[in-house]
Amino acid sequence: MKKSKKQGTSNDLSNGNNGVTFFAYNNDQIDYIKLAVLAASAVKKHMKNNQTCLITDQTSLDWSKKSMTTKVLNKAFNHIIIEEPERRLNIRKFHDSPWTTFKCQFENWNKNNVIKLTPFDKTLMLDVDFLVNNNMLDIAFGLDEPLMLYTDAITLRNLPPHFTSERKLHKNGIPMLWSTAIYFDKNDEVVDLFFEMWGHVKDNWDFYRYLYGFQTTIFRTDFAVSIATHVLTGFVKNTLIKPLPDNPMKYVEPKDDIQDVLSDGIRCLSHKPDEEWQHIFVTSKNENLHIMNKRAINRNWDKLMRLYE
Amino acid sequence: MDDRLERALDFSNFRLTLHNQKQSAKQRAENMLQVQYGNSLFKADQTLINFVKTMKDEEYTPFVVSDVHENPVQIEDSEIFLEKLISAYASAMNEYIISHEKIKKARNIKRLVEWE
């Protein structure tokens, strides 16, 4: 069942029917809608194409109406679409600094349906832990490229990912592309093919795991996107999907933490992957940030919301 | 711990943080050099600015340049294109030098990460 209703209004400064879409399904550990409200507020503050859409389930939405009020949701989102997730088992291990881990169900099976669900012609699909801090992604909406994502990423230390599994699907395998932020024009045929192929990889996950030689049993959309791109490119180096304008994506690793929120930036603690007890401070300003430590966002949610007021 | 080693390690930590903040400022400047013209993306670096200026001065219009995705793009109005490139270059470099000077003046980690 799909239900779409327009809630609230925003200053619509976008050109045409463009916008940003988020998926958020709460679980017993993480309030994804709360994170989405923050991410949407950041979009509204920094981007011109700032219409927003939340795709969620009824239970998560009901909880958010109680915990954050309808007024907060209306301010953050122009559209709320109810789409029940597939609820297939997908238990993922999360980190909060090097010292804490927890496990919970991760609902990402239906992300490829965004092409059918998004109310926008040109959509930027963002993960709820991606905080927009500049207007670079607006450029994507004006380019002659129907499909773009981050092809590379760097840590807070301005280094490429330490672990092979965040650079490649296998040590001798294809490069990993990031599904954290995907820009697409839903009226483009190749885009349609891409999302269909993503769905095919999902439906045959065990086969593709074997074929591409990776160990992880959880469904990773980064991997699904990388495989779909590899197939559509003709099984050679990616020439099909172009990088987003501010590629590489900067990310706060799950074992990093937010130390404080400044009036114009975020100060983080960055751990050293091979000596996890060693940290440095990093102050980030005007950089889009994928903050993978979701509990760190939650701890600093009020301060971060003030940053995006 | 030996005082000499403690001071050296403190300095080492400071240098690491300093280098990282400089890299971030540089990365931000690189991003700011991106310019959209028509439906294409260009990097407003010194080479492209000089090339476009040369073509404009030689009244060689329209002319073709490659965008960041290596697609050939025909430039119809070299004046507007050049203006956009110079404006992006100036904004990026001005922000870069302000950040760089601030980082350079910081003599301890707290200053570097704006703790004080």
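Residues numbered from 1 in each chain as written. Chains lettered and ligands numbered in written order. Predicted model: local features only at pLDDT ≥ 70, side-chain atom pairs only at ≥ 80, totals over all residues.

Attention now goes to the overall build of chain A. Across its full length, chain A holds 10 helices and 17 strands. Taking 19 Å as the expected radius of gyration for a compact globule of 309 residues, we find that chain A reaches 18 Å, a close match to that expectation. Taken across its 309 residues, chain A has 47% of its residues classed as buried. (Helix = DSSP H or I, 4+ residues; strand = E, 2+ residues; numbered from the N terminus. Rg over C-alpha atoms; globule rule 2.2 N^0.38 Å. Buried ≥ 20, exposed ≤ 12 C-beta atoms within 10 Å, placed from the backbone.)

Before going further, it helps to spend a moment on the nonpolar core. Residues and elements named next belong to chain A. Counting residues in each nonpolar core, the largest one holds 96 residues, and the members touching the most others are Phe 22, Ala 24, Ala 36, Ala 39, Leu 149 and Ala 181. Here the element with the most residues in this core is helix H1 (residues 32-46); it accounts for 10 residues. Once you skip the residues sitting within four places of it in the chain, Ala 39 turns out to touch Phe 22, Leu 126, Val 128, Phe 130 and Leu 131. (Core = buried A, V, L, I, M, F, W, Y, C linked by C-beta atoms within 7 Å. Contact = placed C-beta atoms within 7 Å.)

Strand order in the open sheet formed by four strands is S8-S17-S13-S10 (chain A), and the pairing between neighbours is mixed. Strands with a single pairing partner mark the edges of an open sheet, and in this sheet they are strand S8 (130-131) and strand S10 (153-155) of chain A. (Pairing = 2+ DSSP bridges.)

Another aspect to go through is the confidence of the model for chain A. For chain A, the average pLDDT comes to 92, and 95% of its residues sit at 70 or higher. Of the regions scoring below 50 in pLDDT, residues 1-14 of chain A engages in 31 contacts with residues more than four places distant in sequence or in other chains. (pLDDT = per-residue confidence, 0-100.)

This part takes up the interface of chain B and chain A. Taken together, the contact pairs 19 residues of chain B with 19 residues of chain A. Broken down by element, the side of chain B that touches chain A gets its largest block of residues, 10 residues, from helix H1 (residues 3-32) of chain B. Classifying every residue of the side of chain B that touches chain A by side-chain character gives four nonpolar, 13 polar and two charged. (Nonpolar A, V, L, I, M, F, W, Y, C, P; charged D, E, K, R; others polar.)

In this section: the sheet that holds strand S14 (residues 257-261) of chain A. All names here are of chain A. Strands sit in the order S14-S15-S16 across an open sheet of three strands; the sheet is antiparallel. Only two strands of the sheet have a single neighbouring strand rather than two, namely S14 and strand S16 (275-284). Sheet twist, expressed as the mean angle between neighbouring strand axes with direction ignored, is 25 degrees. Bridging between strand S15 (residues 266-272) and S16 involves seven bridges; their strand directions are antiparallel. The partner of Cys 268 across the bridge, within S16, is Val 282. (Axes fitted to C-alpha atoms, helices over the stretch in contact; angles between N-to-C directions.)

Between its first and last C-alpha atoms H1 of chain A spans 21 Å; for 15 residues at 1.5 Å apiece the expected length is 21 Å, and the two agree. Counting buried positions over the 15 residues of H1 of chain A gives 13, a clear majority of the element. (Expected span 1.5 Å × (residues − 1).)

Let us look at the pairing of strand S7 (residues 122-126) of chain A. Residues and elements named next belong to chain A. In terms of burial, S7 is a largely internal element, five of the five residues being buried. What you see with S7 is no split at all: Lys 122, Leu 124 and Leu 126 on one side and Thr 123 and Met 125 on the other are buried throughout. Note that strand S2 (residues 18-24) and S7 share four bridges and pair parallel. Opposite Thr 21, over in S7, you have Met 125 as the bridge partner. Bridge analysis of S7 against strand S11 (residues 178-185) gives five bridges, and the strand direction is antiparallel. The residue bridging Leu 126 from the neighbouring strand is Ala 181, located in S11.

In this model, Asn 247 of chain A is joined to Pro 248 of chain A through a cis peptide bond whose omega is 0 degrees. For Pro 248 of chain A, the position within the fold is in the loop between strand S12 (242-243) and strand S13 (249-252). Geometrically, the link from Thr 61 of chain B to Pro 62 of chain B is a cis peptide bond, its omega value of -5 degrees lying close to zero. With respect to the helices and strands, Pro 62 of chain B occurs in the loop between helix H2 (46-57) and strand S3 (63-66). Positive phi, close to 80 degrees, is recorded for Thr 69 of chain A, a residue that is not glycine. Mapped onto the secondary structure, Thr 69 of chain A falls in the loop between helix H2 (58-68) and helix H3 (70-76).

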